[in-house]
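# Residue-level structure breakdown
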Amino acid sequence: MTGPDSSWPAVEESVVKDPAWAVLKGAVEALRSWQAKDGSIAFHAEGAPSRDEVRSAVVTVIGALGELTPRLPHDADYHRALAADLRHWADGGFSRPDFLDSLLAFTPADERRDGREHLVLFPMRSQNAAAEIRFEAVIVSLVWPPWLAELERTRFDNPVFVSVALEDYTPGYAGNNATLFPETVAVRATPGHFTWGGLFCDREAARFRLVAAEAARVLRFDVPAEAAGLLADQRLAEQTFAAWDLVHDRAHSRGSLPFDPFMIKQRAPYWMYGLEELRCDLTAFSAAVDLATEADVGTRAFGPRIQYAVLFERLFRFPLTGDRVRNYDSLAGQLLFARLRRHGAMRWMDNAISFDWDRVPEAVALLRDDIEVLYHDGVDRPRPIQWWAAFQFIAESIPPHPGSIWAKGPDALDFSRPRREMVDATMPDEFPLSIFYENLKKQLGGVIAASSGLSRAYDGATRIEGGMPS
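Thresholds applied
Residues numbered from 1 in each chain as written. Predicted model: local features only at pLDDT ≥ 70, side-chain atom pairs only at ≥ 80, totals over all residues. Heavy atoms only, no water. Helix = DSSP H or I, 4+ residues; strand = E, 2+ residues; numbered from the N terminus. Rg over C-alpha atoms; globule rule 2.2 N^0.38 Å. Contact = heavy atoms within 4.5 Å. Areas by Shrake-Rupley, 256 points an atom, 1.4 Å probe, with all protein chains shown as cover. Lys, Arg positive; Asp, Glu negative; His and termini not counted. Charge placed at Lys NZ, Arg CZ, Asp CG, Glu CD. Disulfide = S-S within 2.5 Å. Buried < 20%, exposed > 50% of the residue type's maximum accessible area, 1.4 Å probe, protein only. Salt bridge = Lys/Arg side-chain N within 4 Å of Asp/Glu carboxyl O. Expected span 1.5 Å × (residues − 1). Core = buried A, V, L, I, M, F, W, Y, C linked by side-chain atoms within 4.5 Å.

## Thoughts on the overall build of the chain
Helix and strand counts for the chain stand at 15 helices and nine strands. Its C-alpha radius of gyration of 23 Å places the chain within 12% of the 23 Å reference for a compact globule of 470 residues. The dimensions of the chain, computed from C-alpha atoms along their principal axes, are 65 × 55 × 45 Å. The contacts in the chain between residues at least 6 apart in sequence include a share of 73% that link residues at least 24 apart. Accessible surface computed for the chain: about 20,100 Å², of which carbon and sulfur atoms make up 51%. Averaged over its 51 positive side-chain charges, the chain has a centre that lies 3 Å from the centre of its 66 negative ones.

Listed below in structure tokens is the structure:
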């Protein structure tokens, strides 16, 4: 097995360079600007287009798509279904879109080839505004080097996972969104199962490189050689995140799970999502610890890289990214920070962080084991009781908000009420940031905000002055 390297796959000139892509993208952006929240065209809104204008834009998209299909023959069936769905939407009066047929025809996981491009176009709910549906068009390229394909085949089977890089995109993907999920596509009926799910490892890698480098400077901790390599090399960082995502993604549906995989079909207090994301990340970390002992040099080199990526992302970027309204990823990072300190794997002294790298794997394993016990026991509990047990588990390490109803205990919670009312009783910020993170936010907030929208075009040359990239 050959290990990660910084070489880029040899591919033909990107579809992004084709004039037809610019035409398609422009027409899609026009359609986006006319759409109402449900994805239909708002003909009665101020500045609304005529039906002829909208139909002309659809014809333009279909024509440009036809010009690009010969460059993407592996997606020919999908493109035909996509054109049919666009025509059906137009013939139906541009009401709420239904692109189920084209969604079922898009199968990028069937043949994962490093560097292969896909043109993806769907009406989608955005990651951070689920109530709104807009057309999005993206060009993505697969990140699937041979060593990673071998890992997936032999150890971490995940046949629906695709790791991709953004080559170009419409405005809905200009921010922090790092996912391309079929669940977000507007359809008339949800398929029985999905055959793919995409994560943008290039965006994850670029954000990591910018924020982790600044965190190391601000917190004055030594960056090990393997981690320094990630900060210096976008390709290595992308491959590292692709491997992390592979293991994380498959972990969602494995283990003693007291809920539906991914929690898609249920509503729960936000800390349950934080624990699930952290459990999957710690699973990836533990897998990387094992890989670091392999005889194969390439695999052994990969092990430490994913460990540093998980730690630095969870400790320094996640807790401070986004607002404080039910921010489950932030909570997961706060919990990891508290537990590493408790077990002596990390110290905060004299305004600097220091790690005891020999103790970090043990501390991570202990936290993962504790979460697994919580899950195992939760199988026998009613859901609200499991929610309460999880709240107590987190509160042992992170003080809850003193005004929280949940913090007052079972006597303050009416377990006889509908579950949705218990969920609604959660505060926007049940576990506020600690003094440490409040201060760190002042130092890293500008850099984290500037990391939004980064991709592999980020070359690591950005310099930090006054808390913002120059």
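Continuing now.
## Concerning the state of the cysteines
Scanning the entire structure with this criterion turns up zero disulfides. Just so you know, Cys-280 is unpaired, no disulfide at all, and the nearest cysteine sulfur is the one on Cys-201, 18 Å from it. Cys-280 sits in the buried class, given a relative accessible area of 0%.

## Focus on the pattern of salt bridges
In this structure the tally under the stated criterion is 27 salt bridges. Ionic pairing is found between Asp-424 and Arg-267, a salt bridge with its closest N-O pair at 2.6 Å. Pair noted here: Asp-424 is in helix α14 (residues 419–424) and Arg-267 is in the loop between α8 (234–251) and α9 (270–291), with a separation of 157 residues, a long-range link. As a salt-bridge pair, Arg-279 and Glu-372 come within 3.7 Å of each other at their nearest N and O atoms. Here the residue Arg-279 occupies a position in helix α9, and Glu-372 occupies one in helix α12 (residues 360–378), the gap between them amounting to 93 residues. Ionic contacts of the salt-bridge type, sharing partners, join the residues Glu-276, Arg-279, Arg-368 and Glu-372 into one network.

## Examining helix α6 (residues 201–219)
Spanning 19 residues, α6 covers 26 Å between terminal C-alpha atoms, matching the ideal 27 Å at 1.5 Å per step. Within α6, 17 of the 19 residues are buried, leaving the element largely enclosed by the surrounding structure.

## Looking at the nonpolar core
Soluble, globular proteins show a tendency: their nonpolar side chains are buried together. With 93 residues, the main nonpolar core has Trp-271, Phe-312 and Leu-315 as its most contacted residues. Ignoring sequence-local partners within four residues, the contact set of Phe-312 consists of Phe-208, Ala-212, Phe-221, Ala-227, Arg-317, Phe-355 and Trp-357. Of all hydrophobic cores here, the second largest spans 52 residues; its members include Trp-34, Leu-68, Tyr-78 and Val-120.

## Focus on the side chain of Asp-18
Relative to the helices and strands, Asp-18 is located in the segment before α1 (19–34). The class of Asp-18 is buried, set by a relative accessible area of 16%. Once residues lying within four places of it in the same chain are set aside, the contact partners of Asp-18 are Leu-68 and Arg-71.

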